[in-house]
Amino acid sequence: MFMGQELKGGPVAAAIRAEMTEKIEKFKERGQQVRIAVFRVGNREDDLAYERRVLSNCEKLGIKADVLAFEENVSTPELKEAIEKANQNRQIHGILLFRPLPRGLDEALLVESIDPKKDIDCSNPENLNKVFQGQKDGFYPCTPEAVMEILKFYQVPLQGARVAVVNRSMVLGKPLSMMLLSANATVTVCHSKTKDIAGITKESEVVITGVGKADYFDEGYFHQQAVVIDVGINMTEKGLRGDVDYERVLDHVRGITPVPGGVGAVTSTILLRHAVEAAERSFHE
Ligand code: NAP
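Residue indices begin from 1 for each chain and proceed along its sequence in written order. Only residues with pLDDT of at least 70 are given local features in this predicted model, and only at 80 or more are side-chain atom pairs given and counted; all residues enter the totals for whole chains, interfaces and linings. Based on all heavy atoms of the structure, the side-chain values leave hydrogens and waters out of the count.

**Quick look at unusual backbone geometry**
Between Arg99 and the following residue, Pro100, the backbone shows a cis peptide bond with an omega angle of 0°. What counts as a helix is a DSSP run of H or I of at least four residues, what counts as a strand is a run of E of at least two, and both are numbered from the N terminus. Secondary-structure assignment places Pro100 in the loop between β4 (94-97) and α4 (107-112). Note that the residue after Val259, namely Pro260, is joined by a cis bond; omega there is 0°. Considering the arrangement of structural elements, one finds Pro260 in the loop between β11 (255-256) and α10 (263-284). Phi at Cys122 takes a positive value of approximately 55°, unusual for a residue other than glycine. Type-normalised accessible area, obtained with a 1.4 Å probe on protein chains alone, sets the label of each residue: buried when under 20%, exposed when over 50%, and partly exposed for intermediate values. Exposure remark for Cys122: the relative accessible area of 7% places this residue in the buried category. A positive phi angle, close to 55°, is found at Asp196, a residue other than glycine. Tracing the backbone through its elements, the reader meets Asp196 in the loop between β6 (186-190) and α8 (197-201). Take Asp196: its relative accessible area is 56%, and that puts it in the exposed class.

**Concerning a nonpolar patch on the surface**
Only residues whose relative accessible area exceeds 30% and that form no salt bridge are eligible for patches; like-charged ones are grouped when within 9 Å, while nonpolar side chains (Val, Leu, Ile, Met, Phe, Trp, Tyr) are grouped when within 5 Å. Surface accessibility follows the Shrake-Rupley procedure with a 1.4 Å probe radius. Residue values consider only the protein chains on display as shielding. The working definition used for a salt bridge is a side-chain nitrogen of Lys or Arg within 4 Å of a carboxyl oxygen of Asp or Glu. A cluster of nonpolar side chains, Ile233, Met235 and Leu240, forms an exposed patch at the surface whose accessible area comes to about 330 Å². Tracing the sequence through the fold places Met235 in strand β9 (residues 234-236). The class of Met235 is exposed, set by a relative accessible area of 68%.

**Topic: the pattern of salt bridges**
Scanning the model with the defined rule gives 26 salt bridges in all. Taking the shortest distance from any N to any O, the salt bridge between Glu280 and Lys23 comes out at 3.2 Å. Remark: Lys23 occurs in helix α1 (residues 10-29) and Glu280 occurs in helix α10; sequence separation between them is 257 residues. Residue classification places Glu280 among the partly exposed residues on the basis of a relative accessible area of 22%. Its relative accessible area of 31% is what places Lys23 among the partly exposed residues.

**Brief notes about the site of the ligand**
Throughout this document, a residue counts as near a molecule or strand when at least one of its heavy atoms sits within 4 Å of that molecule or strand. In the vicinity of the ligand there are 21 residues, among which Asn167, Arg168, Ser169, Ser192 and Lys213 approach most closely. For the ligand, a nitrogen atom lies 3.0 Å from a polar atom in the side chain of Tyr216. About the coverage of the ligand: the protein hides 71% of its 930 Å² of free accessible area. With three residues, the single largest contributor to the shell around the ligand is α10. Polar here means any residue outside two lists: the nonpolar Ala, Val, Leu, Ile, Met, Phe, Trp, Tyr, Cys and Pro, and the charged Asp, Glu, Lys and Arg; Gly therefore counts as polar. A breakdown of the residues in the shell around the ligand according to their chemical character gives eight nonpolar, 11 polar and two charged. Any N or O atom pair separated by 3.5 Å or less is treated as a polar contact, with the protein-specific requirement of one donor-capable and one acceptor-capable atom, and with residues adjacent in sequence counted only for side-chain atom pairs.

**Some details on the nonpolar core**
Throughout, nonpolar core names a set of buried Ala, Val, Leu, Ile, Met, Phe, Trp, Tyr and Cys residues whose side chains join them through atoms within 4.5 Å. Counting residues in each nonpolar core, the largest one holds 52 residues, and the members touching the most others are Ile36, Ile63, Leu151, Val163, Leu180, Ile208 and Ile229. Looking at this core, the element that brings in the most residues is α10, giving nine residues. By size, the runner-up hydrophobic cluster in this structure holds 17 residues, among which are Ala37, Ile83, Ile92 and Val111.

**Describing the packing of aromatic side chains**
Each Phe, Tyr or Trp ring (for Trp, its six-membered ring) is paired with any other whose centre lies within 6.5 Å, and the angle between the two planes then decides the class: stacked below 30 degrees, edge-to-face above 60, tilted in between. Counted under the stated rule, the structure contains nine aromatic pairs. Relative to Phe222, the ring of Phe217 has its centre 6.3 Å away and its plane inclined at 45°; by these criteria the two rings are tilted. Given the relative accessible area of 1%, Phe217 is considered buried. According to the relative accessible area criterion, Phe222 is buried, its value standing at 3%. By way of ring pairs, the aromatic residues Tyr216, Phe217, Tyr221 and Phe222 are connected into one cluster.

**Brief notes about the packing of α1 against α10**
Angles run from 0 to 180 degrees between N-to-C directions of axes, and those axes are lines fitted to C-alpha atoms, restricted for helices to the stretch in contact. Relative orientation of the contacting elements α1 and α10 amounts to 25°, with a least axis distance of 10 Å. Taken together, the axis directions place α1 and α10 in an arrangement best described as roughly parallel. Between α1 and α10 lies a crossing whose hand is left-handed. Along the contact surface, α1 presents Gly10, Val12, Ala13, Ile16, Arg17, Met20, Lys23, Ile24 and Phe27, while α10 presents Ala265, Val266, Thr269, Ile270, Leu272, Arg273, Val276, Glu280 and Phe283. Here is the rule for angles: anything less than 35 degrees is roughly parallel, anything more than 145 is roughly antiparallel, 65 through 115 is roughly perpendicular, and the remaining ranges are oblique. Here is the rule for handedness: rotate from the far helix to the near one, and if that takes an anticlockwise turn smaller than a right angle the crossing is left-handed, while a clockwise turn gives right-handed. Any two residues whose heavy atoms approach within 4.5 Å are treated as being in contact.

**Quick notes on the side chain of Thr269**
Here Thr269 lies in helix α10. What makes Thr269 buried here is its relative accessible area of 6%. In contact with Thr269, other than residues within four places in its own chain, are Ala13, Ile16, Arg17 and Met20.

Structure (structure tokens):
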């Protein structure tokens, strides 16, 4: 990697898709079809947009996707029963439940009712547990896994490397730090109460940002040899921006992911890779 390299997500996603396509073709030759069930409650615009993206990606890859849409006033037992039906259906390999669920629904109970073997979005705590235990037979959360795939694709060494993660949420920072630890990195997790973040990030070979604040990090935060993975997605008047002021930082570091076109471009592909893995495991059962 040279200075100022754009670490685009597109080629990473394309490589993953190529592997998936190969597997899906083999399944088809044997008359096997990968199929997922998508559970949506209500009609929130961001859920609908996500659903359109998932369906279009499924179609391109030849994955069948059933949408199970429920009214906002659906009850917890009703939704649980529908999830359990999908758990029992051997034709369905992956289950995706859009969250957050409307208030009034018991989200904790519902995510626990998803069969861990079909839980392609790592909603069930049983799968999250496996991330912390370093067990590889579950499904890891898609965004942290996308970060790990980008680092692997661009051959960023992690063994013994100092890595700063600026985020401690359950969807990103916590599971990601465990995955980085499993890759033998030395991880520092930063958050809103951390003192002197720049002092920590400047000493790190890899910095992963997910604070949700547009253009928050300038070149003063990074070492010249740093690789920066920007997970932030922020809608601004200038359009979609990451947490890092990309134009200012690009030529001051070794490599950085753009926004859009970086981590986000890989995340949705990981979800479907999980569906293919779930199908593959079930075909072998
Ligand atoms: P979140 O739950 O709001 O977490 C934000 C984290 O950033 C928290 O740990 C917070 O610290 C920390 N933080 C906020 N301001 C900070 C500051 N000034 N200095 C240091 N740390 C600060 O958000 P999230 O759900 O994890 O998502 C984070 C970002 O990633 C968002 O922009 C989101 O849109 C994006 N995202 C992208 C993808 C993708 O595929 N690219 C997927 C999911 C999320 P505290 O814990 O102390 O509050």
